[in-house]
Amino acid sequence: MTNKSSDLVSIIIPVYNASLYLRETIDSVISQSHSNWELFLVNNCSTDGSAAIIDDYCFKDSRILRLDTEFNTGGPSVPRNLGASIANGQFLAFLDADDCWKLEKLALQLEFMNETQADIVHCGASIINSASQQIGNRNNFKKFKYIDLFLGQSNTLMIFNPIILSSALLKNTPEVLFREDTQFHAIEDWLLWIELSLRGKKIRMNTGNLLSYRIHDNSASSLDGEKQYLKGFYLYSLLLVEN
């Protein structure tokens, strides 16, 4: 990972039939107070108006680039890995096509990462609905802090996933790679945190809600929580055997 721009943030947004929320998501990137970024919008064979929206923003802003998958990959891991593979920044950020960042998200997290010397930083979120109305908050800072204190980072991540992917800022290293197997769909980010932690990467959480995290019927995160946890626990048990 040589010759990466020192304060450039490479942002990857996988896009599949996301026309309903995509403009709001992209606008939240454009409005960031930290303006040194590049944005890869990875079109995963959308059949709605998403591609036209992407092209409109690419025409208006040279920092925005469209990428296309050859076929629909059935999940966001391949698009995320595609964007990360050509990222020019020292930092990576992933954003779902229905979530939005607060104005100071990148600036505050870059500052926090520098202060803590962390490899990954994440934050809390305001929960919004399909109409962009706030319906709650998600902030696992205290829970993560205290469990981590007693069990250690890797063991804490085995118990629960405190990290919303759209909230995370990561140092750009070759280890940032999502598993593309379909069996990991909807928990591929959780698995990534486990793998990075097992490799000694330092994860820290800052307390602000710097993300608007959207919940709606089509969200991958709407998968039944208990089933998701049991699936994750089984898969991570296999991962421990591998390591």
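Structure first, text after, so check above.
Now for a look at the structure at hand. (Residues numbered from 1 in each chain as written. Predicted model: local features only at pLDDT ≥ 70, side-chain atom pairs only at ≥ 80, totals over all residues. Heavy atoms only, no water.)

**Structural notes on empty space enclosed by the protein**
Inspection of the entire model under this criterion finds one cavity of 30 Å³ or more. Here the largest cavity is characterised by a volume of approximately 40 Å³. Lining the largest cavity, in full, are Asp-119, Ile-120, Leu-170, Lys-171, Thr-173, Val-176, Leu-196 and Lys-201. Across the lining of the largest cavity, the residue classes tally to four nonpolar, one polar and three charged. (1 Å grid on protein atoms, 1.4 Å probe; cavity = no way out; pocket = protein on both sides within 12 Å on 5 of 7 lines; lining within 4 Å. Points joined across faces, edges and corners; volume = space filled by probe spheres on them. Nonpolar A, V, L, I, M, F, W, Y, C, P; charged D, E, K, R; others polar.)

**Points about the environment of Glu-24**
Positionally, Glu-24 belongs in helix α1 (residues 22–30). Look at Glu-24 and you get partly exposed, because its relative accessible area is 35%. C-alpha separation for the pair Glu-24 and Asp-98, spaced 74 residues apart in sequence, amounts to 7.9 Å. Those residues in contact with Glu-24, other than ones at most four positions away along the chain, are Cys-100, Ser-132 and Arg-214. Engagement of the side chain of Glu-24 in a polar contact is seen with the side chain of Arg-214, the distance being 3.1 Å. (Helix = DSSP H or I, 4+ residues; strand = E, 2+ residues; numbered from the N terminus. Buried < 20%, exposed > 50% of the residue type's maximum accessible area, 1.4 Å probe, protein only. Contact = heavy atoms within 4.5 Å. Polar contact = N/O pair within 3.5 Å; in protein donor to acceptor, adjacent residues only side chain to side chain.)

**A word on the nonpolar core**
Judged by nonpolar contacts, the single largest core of 32 residues is most densely connected at Val-9, Ile-11, Leu-22, Leu-39, Leu-41 and Leu-169. Excluding its chain neighbours within four sequence positions, the residues that come into contact with Leu-169 are Val-9, Phe-91, Leu-92, Ala-93, Lys-105, Leu-106, Gln-109, Leu-110, Met-113, Asp-119, Ile-120 and Val-121. By size, the runner-up hydrophobic cluster in this structure holds 24 residues, among which are Phe-40, Met-158, Ile-187 and Ile-203. (Core = buried A, V, L, I, M, F, W, Y, C linked by side-chain atoms within 4.5 Å.)

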